[in-house]
Amino acid sequence: MKTATAKSDLLLLLTAAIWGLAFVAQRMGMDYVGPFTYNGVRFALGSLTLAPLLLMARRSSGPSGAPFDSRLFLLGGGALGVVLFIAASLQQAALLYTSAGKAGFITGLYVVIVPLLGLFWRQRPSIGTWAGAVSAAVGLYLLSVTEALRIDYGDALVLVSAVFWSVQVLLVAWLSPRTRPVELAFYQFTICSALSLISAVLVETLAWDSIYAASMPILYGGVLSVGVAYTLQVVAQREAHPAHASILMSLEAVFAAWGGWVVLGETLGLRGGVGCAFMLAGMLLSQLWGVKR
């Protein structure tokens, strides 16, 4: 294995670990503040931690930067920020009702949902995508559907958030080549933070004591999960092998379940564990089918 590829793999593994354990931090934060307050402060910190990367990107592209459509940036980035706000809000609210491990695995279904959404653009999903979707659906049933054939409320919120995360991924994929990726990330995080803080003022009780009590989970979610992990992903994917990246990033869900068990004492049980295995298999099938070809 090339040294550059090995380094990229290590960085992607670290990124997956940071993002997976972020579910634990998000769950812990809900003991002190509301979902909107947590996300508002979290994404504000994430925007600030991206500032050095933003300056580096501007310096490397020259004083004026590469030309791009500023109107597209403002409108597209604004839409991206709104979608991020909806996805993050649903996910954070769900953690009031479900475990970090379950939230991690259900959120990870976006890698299956993204190619399925391609049907709206007349893109034909591969056989691996359909097989992955079936496997993920079986896993979701085992993990979240009760004996009364009802899905848990928190799990349902995470599932809806996964759809919005999928839309966010598609928007990023379309906008990034047409704008400046780091500036786009900074813009969407800032919009998400502003919308979250406005919502917090309207529907939650803002108290500095509560924010201070939640400072460690918020710092982890903002500085490490949003700022540092995003930077690591940008650096790592320059040299990453596609198959390696797919496998390593799918481990985010595994780290979420492991962190929930070690830190929060959460358990999934045999049925839930089998469901998670089916879901992980579905994620990998969806991403790796036909990679070599």
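Every value quoted in this text rests on a predicted model; they were computed, and no experiment measured them.

Definitions and cut-offs
- Residues numbered from 1 in each chain as written.
- Predicted model: local features only at pLDDT ≥ 70, side-chain atom pairs only at ≥ 80, totals over all residues.
- Heavy atoms only, no water.
- Helix = DSSP H or I, 4+ residues; strand = E, 2+ residues; numbered from the N terminus.
- Rg over C-alpha atoms; globule rule 2.2 N^0.38 Å.
- Buried < 20%, exposed > 50% of the residue type's maximum accessible area, 1.4 Å probe, protein only.
- Contact = heavy atoms within 4.5 Å.
- Areas by Shrake-Rupley, 256 points an atom, 1.4 Å probe, with all protein chains shown as cover.
- Lys, Arg positive; Asp, Glu negative; His and termini not counted.
- Charge placed at Lys NZ, Arg CZ, Asp CG, Glu CD.
- Patch = residues over 30% accessible without salt bridge, like charges linked within 9 Å, V, L, I, M, F, W, Y side chains within 5 Å.
- Salt bridge = Lys/Arg side-chain N within 4 Å of Asp/Glu carboxyl O.
- Phe/Tyr/Trp six-rings, centres within 6.5 Å; stacked < 30°, edge-to-face > 60°.
- Core = buried A, V, L, I, M, F, W, Y, C linked by side-chain atoms within 4.5 Å.
- pLDDT = per-residue confidence, 0-100.
- Expected span 1.5 Å × (residues − 1).

Draft legend 1. Region of the structure containing the overall build of the chain. Along the chain, the regular secondary structure elements total 13 helices and zero strands. Seen in sequence order, the chain has helices and strands lined up from the N terminus as α-α-α-α-α-α-α-α-α-α-α-α-α. Taking 293 residues into account, the globule formula puts the C-alpha radius of gyration at 19 Å, and the chain, at 19 Å, falls close to it. Dimensions of the chain along its principal axes, counting C-alpha atoms only, are 60 × 55 × 40 Å. When burial is assessed residue by residue, the chain has 48% of its 293 residues classed as buried. Sequence-distant contacts, at least 24 apart, represent 90% of the contacts inside the chain between residues at least 6 apart. Accessible area of the chain: about 14,800 Å², with a carbon and sulfur share of 69%. Once the 17 positive and 12 negative side-chain charges of the chain are each reduced to a mean point, those two points are 14 Å apart.

Draft legend 2. Focus on a nonpolar patch on the surface. There is a patch of nonpolar side chains on the surface, built from Met28, Trp258, Trp261, Val262, Val263 and Leu264 and spanning about 580 Å² of accessible area. With five residues, the single largest contributor to the nonpolar patch is helix 12 (residues 242-264). You can see Leu264 is positioned in helix 12. Residue classification places Leu264 among the partly exposed residues on the basis of a relative accessible area of 30%.

Draft legend 3. Main features of the packing of aromatic side chains. Counted by the stated rule, this structure contains five aromatic pairs. With a centroid separation of 5.8 Å and 40° between ring planes, the pair formed by Phe43 and Phe189 is classed as tilted. Here Phe189 lies in helix 9 (residues 181-203) and Phe43 lies in helix 2 (residues 35-49), a separation of 146 residues in the sequence. For Phe43, a relative accessible area of 3% puts it in the buried group. Between Phe189 and Tyr230, the ring centres sit 6.3 Å apart and the planes meet at 85°, which makes this aromatic pair edge-to-face. Residue Phe189 is found in helix 9, and its partner Tyr230 is found in helix 11 (residues 215-236); the two are separated by 41 residues along the sequence.

Draft legend 4. Molecular detail of the nonpolar core. Of all hydrophobic cores here, the largest spans 46 residues; its most connected members are Phe105, Ile106, Leu109, Met279 and Met283. Those elements that provide at least two residues to this core are helix 1 (3-29), helix 5 (100-107), helix 6 (110-117), helix 7 (127-144), helix 8 (153-175), helix 11, helix 12 and helix 13 (269-288). When residues of this core are assigned to their parent elements, the largest contribution, eight residues, is made by helix 1. For Met283, the contacting residues outside a window of four places in its chain are Phe105, Gly108, Leu109, Val111, Val112, Ser250 and Ala253. Formed by 15 residues, the second largest nonpolar core is a distinct cluster that contains Phe85, Ala185, Phe189 and Tyr230.

Draft legend 5. Structural detail: the confidence of the model for the chain. On average, residues of the chain score 85 in pLDDT, and 90% of them reach the 70 mark or higher. Model confidence for the chain, summarised as mean pLDDT per element, is weakest for helix 3 (residues 51-60) at 76 and strongest for helix 2 at 94.

Draft legend 6. How the structure looks around helix 7. Along its 18 residues, helix 7 runs 25 Å from first to last C-alpha, staying within 8% of the 26 Å computed at 1.5 Å per residue. Those residues of helix 7 not exposed but buried are Gly128, Thr129, Gly132, Ala133, Ser135, Ala136, Gly139, Leu140, Leu142, Leu143 and Ser144.

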